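Here is how the chains run, residue by residue.
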Amino acid sequence: MTTMTPEQATWFADTFAKLSANIERAVVGKPDTVRLALTCLLSEGHLLLEDVPGTGKTILAKSIANTVQGTHSRIQFTPDLLPSDVTGVTIYDQRTAQFEFHNGPIFASVVLADEINRASPKTQSALLEVMEEGQVTVDGVGYPVGKPFMVIATQNPIEQAGTYRLPEAQLDRFLMKTSLGHPDHSSTVALLGDSAIRDRTAAVKPLITSQAVAEMAALASTVYVDPAILSYVSHVVSETRPDRVPEVVLGVSMRGAISYVRALKTWAASHGRHYVIPDDVKALAQPVLSHRLKLHAEAQFAGATIEGVIDRVLQDVAPPAVSAA
């Protein structure tokens, strides 16, 4: 495979900046979260947002869909939601005497799975195949959802009554976990001044086609990663596992490590580089790794945190000295 050229990296970073600025017309004061969300999209991954209600999660999803000229759907997860309500269902058509598949809301470019932890584990598991393989299987027949495809799932960290904790196998299918949080003072004042605008996403116009997004994702995958960087990632991932960290029950999986490298490539390209540097590994460690770790209850009671474990791992593992490709 040919690697990305410096000229292509410059074009990628310029396009990435324009996409980010377009989304920020609606998502005010959250440039870091927007960049992470775009990195997820262009790495063909999915995003988990853990936030209180009213922080702009739906606006972020719709703004991304509008920007890439794609479709958007929102699924409100509730305890009575069925798997077929997500994936779709096969219905017998008496006129044609044939079974016909009716798409569910999962068939969209950007899918907002709102309060995903309120649905039963059976319904949550309906997302496992489509998030991993980009297709839904109903009655033995596979239906591709197309590209680009991104799930932005949200869960409320405050109200836990009546919720079902996401299983580790599902958490592992999210490329990143982050939060929007409340805007700063100046952004809050700006939003209050525009309070007459009911739909901020209406100002977000398409910049590129869905096909162009798929091409950018393919281009990002050609970013050069030095073997020393791969070794660095391997050491970081290994140091999160129970045999290395006594506080940890579950560390980063091989799937997580591969996803980490995919995200690093896109992150490097978004900064105008055709190669990954150690600082990229550090910059994405928290959003890519934190939801893949699980601590012992005793360690949590003693004050240990997942963020603290990751920070300690980054301090303990020495980064390599890598030159440009």
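Before reading on, note that the structure itself is shown above.
Please read these numbers as outputs of a predicted model, since none were measured by experiment. (Residues numbered from 1 in each chain as written. Predicted model: local features only at pLDDT ≥ 70, side-chain atom pairs only at ≥ 80, totals over all residues. Heavy atoms only, no water.)

## Focus: the layout of surface pockets
1) Next: In this structure, the largest pocket occupies an estimated 580 Å³ of space.
2) Next: Residue lining of the largest pocket: 25 residues in total, with E50, R165, K177, L293 and I306 positioned closest to the centre.
3) Next: Listing elements by their share of the lining of the largest pocket, those giving two or more residues are β1 (47-50), α7 (168-171), β11 (294-295) and α14 (306-316).
4) Next: For the lining of the largest pocket, the per-class residue count stands at nine nonpolar, nine polar and seven charged. (1 Å grid on protein atoms, 1.4 Å probe; cavity = no way out; pocket = protein on both sides within 12 Å on 5 of 7 lines; lining within 4 Å. Points joined across faces, edges and corners; volume = space filled by probe spheres on them. Helix = DSSP H or I, 4+ residues; strand = E, 2+ residues; numbered from the N terminus. Nonpolar A, V, L, I, M, F, W, Y, C, P; charged D, E, K, R; others polar.)

## Observations regarding the sheet that holds strand β8 (residues 150-155)
1) Next: Ordered by their spatial adjacency, five strands build an open sheet running β2-β5-β8-β1-β9, and the pairing between neighbours is parallel. Sheet topology places β2 (72-76) and β9 (176-178) at the edges, where each strand pairs with a single neighbour. Pairwise comparison of adjacent strand axes, ignoring direction, gives a mean angle of 20° for this sheet.
2) Next: On the sheet, helix α3 (residues 57-67) packs against β1, β2, β5 (110-114) and β8 and is oriented at approximately 170° with respect to β5. (Pairing = 2+ DSSP bridges. Axes fitted to C-alpha atoms, helices over the stretch in contact; angles between N-to-C directions. Contact = heavy atoms within 4.5 Å.)

## Examining helix α10 (residues 227-238)
1) Next: Relative to the 16 Å expected for 12 residues at 1.5 Å per residue, α10 spans 16 Å between its end C-alpha atoms, a close match to the ideal helical length.
2) Next: By the burial criterion, the buried members of α10 are I229, Y232, V233, V236, V237 and S238.
3) Next: Looking at the buried side of α10, the elements it contacts are α11 (254-270), α12 (278-289) and α14. (Expected span 1.5 Å × (residues − 1). Buried < 20%, exposed > 50% of the residue type's maximum accessible area, 1.4 Å probe, protein only.)

## As for the packing of aromatic side chains
1) Next: Here the structure, examined in full by the defined rule, presents four aromatic pairs.
2) Next: Ring centres of F12 and F16 lie 6.4 Å apart, and the angle between their planes is 20°; on these two criteria the pair is classed as stacked. One end of the pair, F12, and the other, F16, are both in helix α1 (residues 6-23), four residues apart, so they sit about a helical turn from each other. Each member of the pair, F12 as well as F16, carries the same accessibility label: buried.
3) Next: Here the aromatic residues F101, F107 and Y143 are joined through ring pairs into a cluster of three or more.
4) Next: Its end group placed over the ring of W267, R35 keeps NZ or CZ at 5.8 Å from the ring centre. (Phe/Tyr/Trp six-rings, centres within 6.5 Å; stacked < 30°, edge-to-face > 60°. Lys NZ or Arg CZ within 6 Å of the ring centre and 35° of its normal.)

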